There are 2 protein chains.
Amino acid sequence: MNVSIKDIAQAAGVSHSTVSRALADNPLISAAARQRIQALAGQMGYVPNAGARGLVLGRTMTIGVVVTTIADPFVAEVVQGIESTAHAHGYSVILTSSDNDPEREAQSVEMLRARRADAVIVASSRIGDLYQDDLQETGVPVVLINSHNDQGSAQVVSISVDNRHGGTVATQHLLRLGHRRIAYIAGLPGHSDDGLRCTGYQEALRDAGVAFDEQFIIAGDGRASGGERALASLLALRPRPTAAFCYNDMTAIGLLAAAQRAKLDIPRRLAVVGFDDIPFAALLHPALTTVAQPKHELGRRAVERALALLAGDGEQPDHLSLQGQLIVRESSGARASEKVKRSAT
Amino acid sequence: MNVSIKDIAQAAGVSHSTVSRALADNPLISAAARQRIQALAGQMGYVPNAGARGLVLGRTMTIGVVVTTIADPFVAEVVQGIESTAHAHGYSVILTSSDNDPEREAQSVEMLRARRADAVIVASSRIGDLYQDDLQETGVPVVLINSHNDQGSAQVVSISVDNRHGGTVATQHLLRLGHRRIAYIAGLPGHSDDGLRCTGYQEALRDAGVAFDEQFIIAGDGRASGGERALASLLALRPRPTAAFCYNDMTAIGLLAAAQRAKLDIPRRLAVVGFDDIPFAALLHPALTTVAQPKHELGRRAVERALALLAGDGEQPDHLSLQGQLIVRESSGARASEKVKRSAT
DNA sequence: TTGTAAGCGTTATCAT
DNA sequence: ATGATAACGCTTACAA
């Protein structure tokens, strides 16, 4: 069904190795033969068998990607960045999702090993000890996105958004707007992202000489429901906060929804800033001010680092962090001048 | 670096074919040897080389997926359904995105051919003549999601949501709520989805004995911007429509945004129904009533059909259409009783 | 029950 | 400049 190099050889009346050379633009072959064979290959609809090539070359030009679920807009955009970058470098992407099920996760990793993926990128927030042990022994480069590399293997690097910086930037924005009582609606407790964003928030307050009030940290869960529940706690506070920085956009969305139901005017009575810049942030009303994660770049850099590792570039730091960018929209109540000032920065 | 079947053979003191049989649970082998070898393989961390296996077996247990971009929530959910179903059947997914660039699209297909994907699923709205010609000649089963199979090849089947039915269901919902002047905010002209949804809309009107007014079909573009622009046209109409059925959720979101800006009360002054049920539809305020596309199922069925084709099941119709489900939320202004009635259906 | 050998489609190392 | 030949890791007749 599929034309092989041998079929072409036969049709051209040469040996299959000559065909291989002609197709590989190998210099030690006559220009005439090369052209003739290449033309013939084109006519016959020849497409090289990547599997066979991988077998002899020892590399498959394949990158394995492990995600919890691609039906998460954040993950989807990262994967988009991974795919386009991989493609640009001649690599294909094998996608596996784990749904946060450890068993499926293990199967995914096994499958990627079976397919001999040249590198693996993990865009799952859970840190699988699985990858560490299982992949490490094979020597396959692993790039972790938004999670950390506990064991210090040179073949495992991580890359993430600078959560502390993001927390600082978001808080500074609110401070600049004149807010002094700023709440932080937290994510899932114990999540390191959450801790770092909160640290950034506290640092910004401290640097601005604003007293930090412990009760202004309100529990959440990283989802809309957490934001919705948070509103009541927030409104019960005395003195009441005038602004809230949320762990992520989903939390902010929940907060906004609850506020709308409570007829609480956003941003006048409460300024809100999120984190992530999911696609919907811009479509909300009021549109959400947020710290954008460089999702596409995260994916692109992950591939680039994987390829560098593959190329044996040992000069890489084992962690890279990218800065998020504040996107000022309506929910924080910035005036036009403030917006201009920010976007010019 | 990777343990091969030969390494195990050597360690076990048997031939490599014995190992192969033991690992494949081949019946013609002593139970003792089988267990001993399997245990050994486990200890040595053996993972079979899928590429080598594909070479000899003639199939790669791989499904190629072509999308425009996975950073589209609809596509992402479909791909999620594809991946989990493929995984359940022991298949891996190779993901390629085309970004609507014909050149990249061609490269993607070429790459999938090179990787010898057993089947290809296209979740891109553009119908590439590419797939048709290029893939068809290889005999690889192709499943088109939400697009049509022009040439009638047995190896190319398509699967989509029943757009006409969806349009009917959405319109009937509005009719049942008492609306008689219902507008349709269209998608990109020429898009067959758009035409079918509009047909369903008109049929529902006709069946209800409501006169169809041509000017109630308002231009859109399938994106939020189209919905935003549509509001002005809609408000200029005399008599003014009391409800709008939008080509898709993004259009509805734009319409809602414009309405909010114009301080037009939704659903009281204008009831709105969308199409797709993207994740954000539920988070909007008012939450969007919409016709849900069975995204996960679309993915699942696509894989199942691909596998059936692969198994040589010739009994498949060349097109399958799944019914969308009306999800009643706030934007259409249904009362509680109506909601209950619907969800019980 | 096991081993030997051939072959899948490549690339690469020999000769020639 | 080209042709044999081996090798990659696996499955599977065919022998034994």
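Residues numbered from 1 in each chain as written. Chains lettered and ligands numbered in written order. Predicted model: local features only at pLDDT ≥ 70, side-chain atom pairs only at ≥ 80, totals over all residues.

If you tally the helices and strands in chain A, you get 13 helices and 12 strands. Since a compact globule built from 345 residues should have a radius of gyration of about 20 Å, the 26 Å found for chain A marks it as more spread out than a globular shape. In terms of its C-alpha atoms, chain A occupies a principal-axis envelope of roughly 90 × 40 × 35 Å. Classification of the 345 residues of chain A by burial places 48% in the buried group. Taking the intrachain contacts of chain A between residues at least 6 apart in sequence as the baseline, contacts between residues at least 24 apart amount to 69%. (Helix = DSSP H or I, 4+ residues; strand = E, 2+ residues; numbered from the N terminus. Rg over C-alpha atoms; globule rule 2.2 N^0.38 Å. Buried ≥ 20, exposed ≤ 12 C-beta atoms within 10 Å, placed from the backbone. Contact = placed C-beta atoms within 7 Å.)

To continue, consider unusual backbone geometry. All names here are of chain B. Geometrically, the link from arginine 238 to proline 239 is a cis peptide bond, its omega value of 0 degrees lying close to zero. Within the secondary structure layout, proline 239 lies in the loop between helix 10 (224-236) and strand 8 (243-246). Cis peptide bonds are those with omega within 30 degrees of zero, and the linkage from isoleucine 266 to proline 267 qualifies with 10 degrees. Within the fold, proline 267 resides in the loop between helix 11 (249-261) and strand 9 (271-276).

Among the 26 residues in the neighbourhood of DNA strand D, the closest are listed as Ser17(A), Thr18(A), Ser4(B), Ile5(B) and Ser17(B). Where the surface near DNA strand D is concerned, the elements lending two or more residues are helix 2 (16-23) and helix 4 (50-57) of chain A together with helix 2 (16-23) and helix 4 (50-57) of chain B. For the surface near DNA strand D, the class distribution of residues is 14 nonpolar, 10 polar and two charged. (Near = placed C-beta within 6 Å. Nonpolar A, V, L, I, M, F, W, Y, C, P; charged D, E, K, R; others polar.)

Moving on, we come to the protein's contact with DNA strand C. The environment of DNA strand C is formed by 26 residues, the closest being Ile5(A), Ser17(A), Asn49(A), Ser17(B) and Thr18(B). Elements with a minimum of two residues in the surface near DNA strand C: helix 1 (5-12), helix 2 and helix 4 of chain A together with helix 2 and helix 4 of chain B. Of all the elements, helix 4 of chain A adds the most residues to the surface near DNA strand C, at five residues. In the surface near DNA strand C, the residues fall into 14 nonpolar, 10 polar and two charged.

We now examine the packing of helix 2 of chain B against helix 3 (residues 31-43) of chain B. Pairs of packed helices are described in terms of their axes, by the angle between the two and the distance that separates them. Residues and elements named next belong to chain B. As a packed pair, helix 2 and helix 3 sit with axes 9 Å apart at the nearest point and diverge in direction by 90 degrees. By the angle class used here, helix 2 and helix 3 are roughly perpendicular. Here Thr18, Val19, Ala22 and Leu23 of helix 2 lie close against helix 3, whose contacting residues are Ala33, Arg34, Ile37, Gln38 and Ala41. Split into classes, the residues belonging to the contact of helix 2 with helix 3 amount to six nonpolar, two polar and one charged. (Axes fitted to C-alpha atoms, helices over the stretch in contact; angles between N-to-C directions. Parallel < 35°, antiparallel > 145°, perpendicular 65-115°, else oblique.)

A separate point is helix 8 (residues 163-176) of chain B. With 14 residues, helix 8 of chain B should reach 20 Å at 1.5 Å per residue; the first-to-last C-alpha distance of 20 Å fits that figure. Every buried residue of helix 8 of chain B is accounted for by Asn163(B), Gly166(B), Gly167(B), Thr168(B), Val169(B), Ala170(B), Thr171(B), His173(B) and Leu174(B). (Expected span 1.5 Å × (residues − 1).)

Time to look at the pairing of strand 9 (residues 271-276) of chain A. Residues and elements named next belong to chain A. For strand 9, a buried count of six out of six residues is recorded, marking the element as mostly surrounded by other parts of the structure. In terms of strand pairing, strand 8 (residues 243-246) meets strand 9 through three bridges, oriented parallel. Each bridged residue has a counterpart across the sheet, and for alanine 244 the counterpart in strand 9 is valine 272. Following the backbone out of strand 8, through helix 11 (residues 249-261) and into the adjacent parallel strand 9, one traces a crossover that is right-handed. (Pairing = 2+ DSSP bridges. Right-handed = clockwise from strand over helix to strand, strands pointing away.)

With that out of the way, let us pick up the interface of chain B and chain A. Contacts between the two partners involve 44 residues from chain B and, on the opposite side, 44 residues from chain A. If you list the elements that add at least two residues to the side of chain B that touches chain A, you get helix 4, helix 5 (73-88), strand 2 (92-97), helix 6 (102-114) and helix 11 of chain B. No other element matches the seven residues that helix 5 of chain B contributes to the side of chain B that touches chain A. When grouped by side-chain class, the residues that make up the side of chain B that touches chain A number 21 nonpolar, 16 polar and seven charged. In this sheet, strand 2 of chain B lies alongside strand 2 (residues 92-97) of chain A in antiparallel orientation, the contact comprising three bridges. Directly across from Leu95(A), in strand 2 of chain B, lies its bridge partner Val93(B).

Residue and element names in this part refer to chain B. The six strands lie next to each other as 7-6-8-9-10-12, forming an open sheet whose pairing is mixed. Strands with a single pairing partner mark the edges of an open sheet, and in this sheet they are strand 7 (217-218) and strand 12 (325-327). For strand 9 and strand 10 (residues 289-292), the ladder comprises four bridges, and the chain directions are parallel. Residue pairing across strands places phenylalanine 275 opposite valine 291, the latter belonging to strand 10.

So, on to the relation of the copies chain B and chain A. Here chain B sits on chain A after a turn of 180 degrees about the axis and a move of 0.0 Å along it, with an RMSD of 0.1 Å. The transformation just described matches what one would write down for a two-fold rotation axis. (Least-squares fit on C-alpha atoms with pLDDT ≥ 70 in both.)

Residues and elements named next belong to chain A. Two elements in contact, helix 5 (residues 73-88) and helix 12 (residues 295-310), have axes whose closest approach is 7 Å; the angle formed by their N-to-C orientations is 45 degrees. Our classification of the angle between helix 5 and helix 12 gives oblique. Between helix 5 and helix 12 lies a crossing whose hand is right-handed. Residues Phe74, Glu77, Val78, Val79, Gln80, Gly81, Ile82, Thr85 and Ala86 of helix 5 lie in contact with helix 12, whose contacting residues are Lys295, His296, Glu297, Leu298, Gly299, Arg300, Ala302, Val303 and Glu304. Of the residues contributing to the contact of helix 5 with helix 12, the split by class is eight nonpolar, five polar and five charged. (Left-handed = near helix turned anticlockwise from the far one by under 90°.)

To continue, consider the domain arrangement of chain A. On domain assignment, one finds that chain A holds domain 1 (5-47), domain 2 (60-160 + 295-322) and domain 3 (163-294 + 325-332). Placing the centre of domain 1 of chain A and that of domain 3 of chain A at their C-alpha centroids yields a distance of 63 Å. (Domains from an automatic or database assignment.)

Val65(A), Ile121(A), Leu255(A), Val65(B), Ile121(B), Leu255(B) and Val272(B) are the most contacted members of the largest nonpolar core, which totals 173 residues. If sequence neighbours within four positions are ignored, Leu255(A) has contacts with Ile185(A), Gly227(A), Ala230(A), Leu231(A), Ala244(A), Cys246(A) and Val272(A). (Core = buried A, V, L, I, M, F, W, Y, C linked by C-beta atoms within 7 Å.)

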